[in-house]
Amino acid sequence: MPLGDRHYGTVTLGYPIDAEPRFQFGDDYGAILERLYFHAQQHAVIVCEQSYGFDLRGRANDLATTRRSFGTTSYVGIARTRRRLPPEFNHLWAIVSCGVVSGHSADLYLRLTVSNGATDQAESITTVQPSAMSGYSNQNYVTRQDGTVGAQFAYQPRAAHVQARVDLDLANVDPAAPGLCRVTLEGYAVYPPSAAMAVYPYRASIFAGVSYG
Amino acid sequence: MPIVRPPEINDRVGCLDDAAYGGGVAAEAFVLRELLRNSNALACRGGLMFRSLGNASNAVDEVARGGQQRSFAAPFWTYALPIEQWPAPKKSGINRMRARVRAEITSGRTVELFVASRRIPYANQPGGNILTMVGTGASAVYEKNDFVVDDGEGENLTFFQRAVVTKDDPLLVTATYGGTQTGTVTNAYTDYFLNTAGAAWNTTGNQVHVGGHYVNFMDPLNGQLIYGPCKIEEVYRETASLGRGLFFSPPLPPPAVLVGLAYEIRKLPDVRILSIAAYGVDRTG
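Residues numbered from 1 in each chain as written. Chains lettered and ligands numbered in written order. Predicted model: local features only at pLDDT ≥ 70, side-chain atom pairs only at ≥ 80, totals over all residues. Heavy atoms only, no water.

Describing the overall build of chain A
Here is the rule: Each helix corresponds to a stretch of at least 4 residues labelled H or I by DSSP, and each strand to a stretch of at least 2 residues labelled E; elements are numbered beginning at the N terminus. Relative accessibility under 20% of the residue-type maximum defines a buried residue, over 50% an exposed one, and the middle range a partly exposed one, all with a 1.4 Å probe and only protein chains included. Whether two residues touch is decided by their heavy atoms; if any such pair falls within 4.5 Å, the residues are in contact. Computed with the Shrake-Rupley method and a 1.4 Å probe, the accessible areas treat only the protein chains shown as cover for residues.
Of regular secondary structure, chain A possesses 1 helix and 8 strands. Secondary structure elements of chain A, listed N to C terminal, follow the sequence α-β-β-β-β-β-β-β-β. Looking at chain A as a whole, 50% of its 213 residues qualify as buried. In chain A, of all internal contacts separated by at least 6 residues, the share reaching a separation of at least 24 is 80%. Taken as a whole, chain A presents about 10000 Å² of accessible surface, with 49% of it coming from carbon and sulfur.

Quick word on the pairing of strand β9 (residues 155–164) of chain B
All names here are of chain B. Test applied: Only strands joined by at least two bridges in the DSSP assignment are considered to pair.
Among the 10 residues in β9, 8 count as buried, and that is most of the element. In this sheet, β9 lies alongside strand β4 (residues 86–88) in antiparallel orientation, the contact comprising 3 bridges. Paired with Ala88 across the bridge in β9 is Glu155. Strand direction decides the pairing type here: strand β6 (residues 110–116) and β9, joined by 7 bridges, are antiparallel. Bridged to Glu112 within β9 is Arg162.

Quick word on the environment of Arg182(A)
Relative to the helices and strands, Arg182(A) resides in strand β7 (residues 180–191). Between the C-alpha atom of Arg182(A) and that of Val114(A), which follows or precedes it by 68 residues, the distance is 5.6 Å.

Here we look at the sheet that holds strand β12 (residues 192–194) of chain B
All names here are of chain B. What counts here: Each axis is a line fitted through C-alpha atoms, taken for helices only over the stretch in contact, and angles between the N-to-C directions span 0 to 180 degrees.
Spatial strand order, β10-β16-β13-β14-β15-β12-β11: 7 strands in an open sheet with antiparallel pairing. Each edge of the open sheet is held by one strand with a lone partner, namely β10 (182–184) and β11 (187–189). Between one strand and the next, the sheet's axes are offset by a mean angle of 30°, whatever the strand orientation. Relative to strand β16 (residues 262–267), β10 runs antiparallel, the two sharing 3 bridges. Along β16, the bridge assignment pairs Thr184 with Ala262.

Structural notes on the packing of aromatic side chains
Residues and elements named next belong to chain B. Stated precisely, the cut-off is as follows: Two rings belonging to Phe, Tyr or Trp (six-membered ring only in the last case) form a pair when the distance between their centres is within 6.5 Å. Interplanar angles under 30 degrees mark stacking, angles over 60 mark edge-to-face geometry, and anything in between is tilted.
Tallied over the full model, the rule gives 17 aromatic pairs over all chains. Consider the rings of Trp77 and Phe114, whose centres lie 5.6 Å apart with planes at 50°: the pair is tilted. Of this pair, Trp77 sits in the loop between β2 (70–72) and β3 (78–79) while Phe114 sits in strand β6; the two residues are 37 residues apart in sequence, bridging distant segments of the chain. A residue is classified by how much of its surface remains accessible, and Phe114, at 0% relative accessible area, is buried. One aromatic cluster is present, formed by Trp77, Tyr79, Phe114, Tyr122 and Phe160 through successive ring pairs.

Section: the pattern of salt bridges
All names here are of chain B. Selection criterion: The term salt bridge refers to a pairing of a side-chain nitrogen on Lys or Arg with a carboxyl oxygen on Asp or Glu at a separation within 4 Å.
Counted by the stated rule, this structure contains 17 salt bridges over all chains. Between Arg266 and Glu264 there is a salt bridge, with its nearest N and O atoms 3.1 Å apart. For the residue pair Arg266 and Glu264, the accessibility class agrees, reading buried in each case. Three or more residues are tied together by salt bridges with common partners; here these are Arg118, Arg119, Asp150 and Asp151.

Description of the environment of Cys48(A)
Residues and elements named next belong to chain A. With respect to the element layout, Cys48 can be found in strand β1 (residues 45–51). A relative accessible area of 9% means that Cys48 is categorised as buried. It is 8.0 Å that separates the C-alpha atoms of Cys48 and Ala204, two residues lying 156 residues apart in sequence. Setting aside chain neighbours within four positions, we find Cys48 in contact with Ala79, Arg80, Thr81, Ala204, Ser205 and Ile206.

A few points about unusual backbone geometry
Backbone geometry follows two general trends: most residues other than glycine have a negative phi, and most peptide bonds adopt the trans configuration. All names here are of chain B. The omega angle of the peptide bond from Gly228 to Pro229 is 0°, so this bond is cis rather than trans. Turning to its location among the elements, Pro229 is positioned in strand β14 (residues 225–237). A positive phi angle, close to 55°, is found at Gln85, a residue other than glycine. Examined against the element boundaries, Gln85 turns out to sit in the loop between β3 and β4. With relative accessibility at 45%, the residue Gln85 sits in the partly exposed group. Phi at Asn129 is positive, roughly 60°, even though this residue is not glycine.

Focus: the confidence of the model for chain A
Definition in use: pLDDT measures the predictor's confidence residue by residue and takes values from 0 up to 100.
Residues with a pLDDT of 70 or more make up 43% of chain A, whose mean pLDDT is 65. Confidence, read as mean pLDDT per element, is least for helix α1 (residues 26–42) of chain A in chain A (63) and greatest for strand β2 (residues 76–84) of chain A (89).

Quick word on the environment of Glu84(B)
Residue and element names in this part refer to chain B. Under the convention used in this document: Pairs of N or O atoms within 3.5 Å make up the polar contacts considered here, provided that, within protein, one atom can donate a hydrogen while the other can accept it, and that residues adjacent in sequence are counted only when both atoms are side-chain atoms.
Tracing the sequence through the fold places Glu84 in the loop between β3 and β4. Separated by 27 residues in the primary sequence, Glu84 and Val111 place their C-alpha atoms 20 Å from one another. Polar side-chain contacts of Glu84 include one of 2.4 Å to the side chain of Tyr79.

Observations concerning the nonpolar core
Formally: What makes a nonpolar core is a set of buried Ala, Val, Leu, Ile, Met, Phe, Trp, Tyr and Cys residues whose side-chain atoms join them at distances within 4.5 Å.
Judged by nonpolar contacts, the single largest core of 37 residues is most densely connected at Phe50(B), Met97(B), Val101(B), Met133(B) and Phe159(B). Considering every element that reaches this core, the biggest residue donor is strand β5 (residues 96–105) of chain B, with 5 residues. Sequence-distant contacts of Phe50(B), defined by excluding residues within four places in its chain, comprise Glu49(A), Arg203(A), Leu81(B), Ile83(B), Trp86(B), Leu157(B), Phe159(B), Ile276(B), Ala277(B) and Ala278(B). By size, the runner-up hydrophobic cluster in this structure holds 34 residues, among which are Cys98(A), Leu112(A), Met197(A) and Ile206(A).

Structure representation (structure tokens):
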């Protein structure tokens with residue numbers, strides 16, 4: 001799982017192996033155990049996947065047939081799950097695919113929260129500028145050959161498709177007992193400074209993994 | 001002579017018996033090999049990489065709302081899912097992916113699903129990673145076991161779809177969508193054409209693009225394909241004297257001239273992807 005500039009190269013892998021003089025193949029055993037430990041540790045797992053219905057015909061009114069949308073200036077739930085996180089994981093991240101309806105750029109706020117008790121213990125916020133994903137519905141402001149703006153068109157999507165990510169460091173979560181956690185992903189979009197913009201989530205995935213540094 | 005205890009094998013019990021390697025207990029080559037095999041067994045297992053579920057109750061209401069990830073497969077590559085470079089966890093060393101797709105495709109029509117990975121990115125298609133799906137008109141499962149994925153840690157997946165079009169595809173049903181199914185282009189821009197001979201395609205309700213159609217432009221003398229197939233994107237009401245025209249994509253390259261060519265409008269296959277599940281293929285070598 002790509003973790004940006006986070007690298008495993010500097011990690012001390014594996015449990016320390018006592019080098020007993022009479023321990024045959026001690027180095028080999030050590031290498032194997034390190035490998036197993038590294039293997040269990042490094043690989044990200046899918047914590048939660050949430051998908052909502054959508055159409056892909058590239059038409060504006062398809063937005064009206066998505067199964068979920070909201071336009072607020074406060075956080076609204078996109079995905080939530082309860083999951084037992086292995087203690088070696090110290091990093092959660094989520095990626096969201098959604099449409100944001102705005103004739104201009106808008107800020108998309110995402111919040112990823114984890115708690116293993118009654119109290120939320122960490123959260124993270126990210127802000128992105130929506131930009132159109134090529135090939136997807138974005139036929140706004142069609143200009144005709146005669147120079148008239150496409151006001152006569154039935155469809156004025158004014159929507160951008162965005163794919164955004166939010167990271168959460170679990171350093172503040174008690175490593176001794178992450179246990180059964182509640183993981184929540186929320187979001188909303190605004191046209192600065194404060195106008196609520198509609199968000200149409202299509203899909204969200206939450207992953208857990210290990211990062212150092 | 002110390003007793004050599006047999007180690008438990010990961011294949012069977014999913015764990016190691018560490019009591020077999022206690023202090024003061026001798027180890028032999030067999031034990032070491034078993035330990036290596038256990039290690040390999042863990043490392044070679046493919047796991048869940050990607051999963052997508054649509055609302056698949058098949059209730060009329062779901063269909064009407066497009067809750068089943070409904071789309072028309074365009075005659076060129078478009079996104080099958082609204083995601084791009086979606087992260088998929090995977091163990092290092094796994095270099096193949098098995099994907100099962102449950103989809104509902106127009107009977108007899110062929111749709112291709114291309115999975116772009118780091119190893120076979122979109123720019124390299126159609127070099128592989130294409131699942132060919134022939135529709136049955138009902139929900140059906142399509143599977144491919146050898147999608148090529150990068151053997152490094154993790155992957156990034158993008159799903160594209162494309163319709164395979166033929167000269168036997170059904171022509172536009174004018175009773176439903178209005179206008180004409182064939183004719184001669186009388187006026188055209190780079191992404192737009194007109195037939196002024198009264199081709200009144202509907203501008204509300206059942207419109208050509210709502211139903212999912214494509215257009216071919218042909219030499220009127222011999223029927224040779226000059227440009228296309230192009231996906232119909234929009235019905236446009238011109239002035240009263242000009243009638244109605246159709247927008248299409250991809251737009252024409254600059255030198256192409258449509259006026260005077262024959263056109264034909266045919267139906268694109270309907271696609272509803274109900275679910276996709278993808279797993280890393282266990283390494284055996």
